[in-house]
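Chain by chain, the residues:
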Amino acid sequence: MEIEAPRSLELDDATATLILQLQSGDLEELLGVNKGKGRDGEVSDADLAVATYQQELQTRNTILADRCMGRSLTRAVISDAALLNESFAEEHAAARDRALAQSLAGINAPSAALEQSTAAYDLDDGFLARLAALYKSGWENEGDVLEDTVRSDSPVAAESSAWAASRQNPATTSYRHCTACDLTKPLFDVCQTPCGHFFCQECIQTLFELSATDETLFPPRCCREKIPLQSVKIYLSSAVVKNFEEKSIEFETSDRTYCSRPACSSFIAGANISGEQAMCRECGTQTCTICKNNAHDGDCPEDLAIQQVLETARENGWQRCYNCH
């Protein structure tokens, strides 16, 4: 669902820079006027006001510099989208080949970790439009509404004309309707799932948090279609991404081993398992991967295959080697 929004004027970077320079000049004059006034060790209201003004200007300068950097990155991504996609595809293919080689060599390579570490961002028109809306179309502040389209004379639109010309139905607004909360949000604040529905940042983050807590909700889906982490990663906090990646490895492991220490009970990933011994990276406890109890020497009583071999050995009078057992 697309919502038309009224236009708002945006202060260009050059004008904003000039204003901040003039304000900085005013600040220097104020600092010069107040210099030497007042008693030592006392801070007057005027001094406090000047200090607050100086801090505000520093903050504004930082915001402006960050915005200029963000727009520069946006223009670079949009203009080089085809090259970036090609590079990502090559890296993804190389990672897949490495995973195949590892599987042939008997090295464990979890599919979830592979997908999360190598899957490339798809720099399609929707992703590029979100970048343009976020870094070029203005900022939502104190009730102001974002500019609803990227102007045709803007640097973003000019540099993206090559790929934009091939689109039949380009997006005309920068607002979308969230399927979950039923609210209208700016384009850069919503992501699109494989089934075509839109989720705002808060709702998609809640969905991934719940799926990492409740295994029945894993993997996160919409219309029964899986939502890849890479396609929504930029809308999630680093803590949510880290937790989801760890839980993905746990939930996709068929024969799981948890720490045998009841007070810990942390999941032990395959990287910390050697043979039948699993070491908990949280508390260092050794756990047997077969009986799931504390690690022990010798054969595990619950290893049915070993017990069958030992029974056959007893029936046939076989004995173990005293050196290697």
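So, here is what we can say about the structure in this document. (Residues numbered from 1 in each chain as written. Predicted model: local features only at pLDDT ≥ 70, side-chain atom pairs only at ≥ 80, totals over all residues. Heavy atoms only, no water.)

**Observations concerning the overall build of the protein**
When its secondary structure is counted, the protein shows eleven helices and nine strands. When burial is assessed residue by residue, the protein has 29% of its 325 residues classed as buried. Taking the intrachain contacts of the protein between residues at least 6 apart in sequence as the baseline, contacts between residues at least 24 apart amount to 53%. Per element, the accessible surface of the protein, about 20,600 Å² overall, is 53% carbon and sulfur. (Helix = DSSP H or I, 4+ residues; strand = E, 2+ residues; numbered from the N terminus. Buried < 20%, exposed > 50% of the residue type's maximum accessible area, 1.4 Å probe, protein only. Contact = heavy atoms within 4.5 Å. Areas by Shrake-Rupley, 256 points an atom, 1.4 Å probe, with all protein chains shown as cover.)

**Side note on the nonpolar core**
One broad trend across soluble globular proteins is that nonpolar side chains are buried collectively. Formed by 22 residues in total, the largest nonpolar core has its most connected members in Ile204, Phe208, Val232 and Leu236. Not counting the four nearest positions on each side in its chain, Leu236 is found in contact with Ile204, Gln205, Phe208, Leu229 and Val241. Of all hydrophobic cores here, the second largest spans six residues; its members include Ala16, Leu20, Leu27 and Val50. (Core = buried A, V, L, I, M, F, W, Y, C linked by side-chain atoms within 4.5 Å.)

**Structural notes on the environment of Asn294**
Along the chain, Asn294 falls in the loop between β9 (286-288) and α11 (304-316). Between the alpha carbons of Asn294 and Arg261 there is a distance of 7.7 Å; along the sequence they are 33 residues apart. In this structure, Asn294 is in contact with Ser260, Thr285, Gln286 and Cys288, ignoring residues within four places of it in sequence. A polar contact is formed between the side chain of Asn294 and the side chain of Ser260, at a distance of 2.6 Å. (Polar contact = N/O pair within 3.5 Å; in protein donor to acceptor, adjacent residues only side chain to side chain.)

**Side note on helix α2 (residues 45-79)**
For α2, which comprises 35 residues, the first-to-last C-alpha distance of 51 Å matches the rise-based estimate of 51 Å (1.5 Å per residue) to within 8%. Looking only at α2, the buried set comprises Val50, Leu57, Leu64, Arg67, Gly70, Arg71, Thr74 and Ile78. (Expected span 1.5 Å × (residues − 1).)

**Things to note about the sheet that holds strand β8 (residues 277-279)**
Paired through their backbone hydrogen bonds, the strands of a sheet run either parallel or antiparallel. Strand order in this open sheet of three strands is β7-β8-β9, and the pairing throughout is antiparallel. Either end of the sheet is taken by a strand with one partner, and the two such strands are β7 (273-274) and β9. As paired elements, β8 and β9 share three bridges and run antiparallel to each other. Note on β9: the bridge partner recorded for Gln277 is Cys288. (Pairing = 2+ DSSP bridges.)

**Section: the pattern of salt bridges**
This structure, assessed with the given rule, holds seven salt bridges. Glu215 is paired through a salt bridge with Arg256; the nearest N and O atoms lie 2.4 Å apart. Here Arg256 lies in the loop between α10 (238-251) and β7 and Glu215 lies in the loop between α8 (201-213) and β5 (221-222), a separation of 41 residues in the sequence. For Glu215, a relative accessible area of 36% translates into the label partly exposed. (Salt bridge = Lys/Arg side-chain N within 4 Å of Asp/Glu carboxyl O.)

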